[in-house]
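Spelled out from the first residue to the last, the chains are:
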Amino acid sequence: MITFSSTHLIYLIEAARWTLLLSVLAFIGGGILGLVLALGRVSEHKPLRWLSAAYIQIIQGTPLLVVLFLSYFGLSILGLDIPPIAAAGLSLTLYTSAFLGEIWRGCILSVPKTQWEASNCIGLSRAQQYRYVILPQAARIAIPPTVGFMVQIIKNTSITSIIGFVELARAGQIVNNSTFQPFITFVFVAIIYFAMCYPLSLASRHFERKLNVGK
Amino acid sequence: MSVNEAAGTRPRNEAVPGAEPIIVVDSVSKSFGPLQVLHGVSLEIERGTMVAIVGRSGSGKSTLLRCINALEEINGGTIKVCGHMVSMSDRASVKRLRSEVGMVFQSYNLFPHLNVLRNITLALTAVQKKSRADADAIAHKVLGLVGLADKAEAFPEQLSGGQAQRVAIARSLALSPKVLLFDEVTSALDPELTGEVLKVMEDLARDGMTMVLVTHEMAFARRVADIVVFMHQGKVWEAGPPAELFADPKTPELRQFLSSGL
Ligand SMILES: Nc1ncnc2c1ncn2[C@@H]1O[C@H](COP(=O)(O)OP(=O)(O)O)[C@@H](O)[C@H]1O
Ligand SMILES: [Mg+2]
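The structure reproduced in this document is the subject of the present report.

Basis of the calculations
Residues numbered from 1 in each chain as written. Chains lettered and ligands numbered in written order. Predicted model: local features only at pLDDT ≥ 70, side-chain atom pairs only at ≥ 80, totals over all residues. Heavy atoms only, no water. Pairing = 2+ DSSP bridges. Helix = DSSP H or I, 4+ residues; strand = E, 2+ residues; numbered from the N terminus. Buried < 20%, exposed > 50% of the residue type's maximum accessible area, 1.4 Å probe, protein only. Right-handed = clockwise from strand over helix to strand, strands pointing away. Near = heavy atom within 4 Å. Polar contact = N/O pair within 3.5 Å; in protein donor to acceptor, adjacent residues only side chain to side chain. Areas by Shrake-Rupley, 256 points an atom, 1.4 Å probe, with all protein chains shown as cover. Nonpolar A, V, L, I, M, F, W, Y, C, P; charged D, E, K, R; others polar. Phe/Tyr/Trp six-rings, centres within 6.5 Å; stacked < 30°, edge-to-face > 60°. Lys NZ or Arg CZ within 6 Å of the ring centre and 35° of its normal.

With that settled, the discussion passes to the sheet that holds strand β2 (residues 35-45) of chain B. Residue and element names in this part refer to chain B. Strand order in the open sheet formed by four strands is β2-β1-β4-β5, and the pairing between neighbours is antiparallel. Lying at the two open borders of the sheet, with one neighbouring strand each, are β2 and β5 (84-85). Where strand β1 (residues 23-32) lies against strand β4 (residues 76-81), five bridges are found, and the strand directions are antiparallel. Pairing of Ile23 across the sheet is with Val81, part of β4.

Spelled out as C-alpha cells, the structure:
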C-alpha cells in the first residue's frame, strides 16, 4: 500500500496550478464582462438595462455545472470543437460576470445621488462622472463582497473536473484513491486552497485601507 | 443707501439700466407626478445682484433653483440664463449652462475620495482642459478667497462643516461662473460655523458676483441681499428690496411668515 508522501504533495500543488489558472481566467474575463454588465444595469438606455438584467437573471438561474456542459458538450455538438480550457474559461467568465455585475451594480447605486448631482453641476460628462467620481467610490464599497465572491470562485473551479481538468479537488480524490488516507490528503488539499484564498483577504484589507485614506 | 452704510452693509448694487437680466424665469410650472410644486413662477435676476429666496419649507424654493440649473425638467414656461433657453433635454444647452452657473448645496457634496485640491481642480482639468499646473494655481487662488489656503491637501472628512462648505464654494468659483446658486448652504452647519460661510458669500456679493440663494438666514438676507423673494405654495408671493419687503409686507402670508420667526 502506498502512503501519502512528498510526491503526492507535489502532485497536489501542481494540480493547484490549474485551480489558479482557471480562477485567474474567471477573474479577468468575469471582471471585464461584469463591469460592462454593471454599467449596463445602471445605464440610461432601457434596452441596455433590460439586456444586462436578462443576462444576469439567466446565468444566475443556471448552475455552473450546466453552463459548463453547455459550453463544452453543447458547442461541440454544434460543430464548434473547443478545447477544455477554453470551455472552462468561457463558462467561468459567464458565471463570474453575472454575479460581479450584480454586486457592482449595487455598489454603483449605493454612491449617493448627490455625488451625481455635484459632478453634473461642475460640468462633467457622464463618462467623466463614472471615471472620476462614481466608480472610485463604488470600488471602495465593492472590495469586500468582490473578494468574498472570488474566494467562492476559487473553490468552484473544482467543477471543471467533470470535463477532465485535474485541478486541486480532483487531484485530492486521485491521491486518496491510491493512498486510502483521506484525512491527511484532504487536510493538504484544504491547506492549499487556504493558501490561495488567504492572500486575497489580505489584499482586500490592504486595498480597503488604502482606499479609505480619503474617507 | 446712507442707512445701509451706517449699518455697515455694502451699498446695494444697481442693475445696469437696459441690460437684459442674467436669469429670466417666465411662468414656470413644475410637477412631481400629481404634485404640482411650482405654479407659474416668474422672476428676473439682474447681473451683479444678490437675490435671496425665502419662504416656508416645502414652498418650492429648492425646486426653483434646481429648475434654473437644469437638474429638474420643467413642465411649463421658460427659463433663460445668460440669454440662452435652459432645456434639460438639449445637451448643448446644458453644457453651456454648466459653464455659466455654479451651484452649492446644503450638504456640501464634496467628493470624499479626493482631497480639497483635487475636488477643485477636477472640472478644471477634465472639463475646461486646463493643465494641471494652471488648475492648481486657480485652486490655490480660490482657496485663498475662502480663507482655506492651508487646506489644499486635506480630505473632506477632515474638514469642519463650515470649511467643507467653503471648499464647495471654492470648487464652484474656480470655474468662473457668471451666476452662483446657493441652496440653504448654512442649514446643515452648527450655528457657530454659519458666520464664516456667510462672510464668504458677502465678500462675493461685494465683488459683484450674481448670486441666488435660498436661505433661512433672515438677518443676512436683510442686510446683504439686493432683492428678497418670498415664495409661498409654489408661487412668488412678493419680491423687492429687503428694506421695503421686511418693513411693509403686502400680504398676510408674508407678514405671518416674518412674525413666525423663521
Ligand atoms: N424629487 C421630488 N419628488 C417628489 N416630490 C418632490 C421632489 N422634490 C421636491 N418635492 C416636493 O416638492 C415640494 C417643494 O419642495 P422644495 O422645492 O424642496 O421646497 P423648499 O426648498 O422650499 O423646502 C415639497 O412638497 C416636496 O416634497
Ligand atoms: Mg429646500
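Further remarks concern the pairing of strand β7 (residues 179-183) of chain B. Residues and elements named next belong to chain B. Within β7, five of the five residues are buried, which leaves it mostly tucked inside the rest of the structure. With burial as the criterion, each face of β7 is covered, one bearing Val179, Leu181 and Asp183 and the other bearing Leu180 and Phe182. For β7 and strand β8 (residues 210-214), the ladder comprises five bridges, and the chain directions are parallel. Counterpart to Leu180 in the pairing with β8 is Met211. At this point the chain moves from β7, through helix α7 (residues 191-206), to the parallel β8, and the crossover so formed is right-handed.

The next point concerns the site of ligand 1. Residue and element names in this part refer to chain B. Taken together, the residues surrounding ligand 1 are Phe32, Leu35, Val37, Arg56, Ser57, Gly58, Ser59, Gly60, Lys61, Ser62 and Thr63. With respect to ligand 1, the backbone of Gly60 contributes an N or O atom lying 3.1 Å from an oxygen atom. With respect to ligand 1, the side chain of Ser62 contributes an N or O atom lying 2.7 Å from an oxygen atom. Against a free-state accessible area of 560 Å², the protein chains account for coverage of 59% of ligand 1. Of the residues forming the shell around ligand 1, the biggest block, three residues, is contributed by helix α2 (residues 61-68). Of the residues in the shell around ligand 1, the class split is three nonpolar, six polar and two charged.

The subject of this paragraph is the packing of aromatic side chains. One pair of aromatic rings is described through two measures. These are the centre distance and the angle between the planes. Under the criterion given, the structure shown has 10 aromatic pairs over all chains. Judged by centre distance (5.2 Å) and plane angle (10°), the ring pair of A:Phe4 and A:Phe188 falls under stacked. Here A:Phe188 lies in helix α8 (residues 182-211) and A:Phe4 lies in the segment before α1 (6-41), a separation of 184 residues in the sequence. The buried category is assigned to A:Phe4, whose relative accessible area is 15%. Taken together, the ring pairs in this structure connect A:Phe69, A:Tyr72 and A:Phe73 into an aromatic cluster. B:Lys30 extends its terminal NZ or CZ atom over the ring of B:Phe32, reaching a point 4.8 Å from the ring centre. The aromatic ring of B:Phe111 is capped on one face by B:Arg171, whose charged end is 4.4 Å from the ring centroid.

The analysis is restricted to geometry; functional conclusions fall outside its scope.
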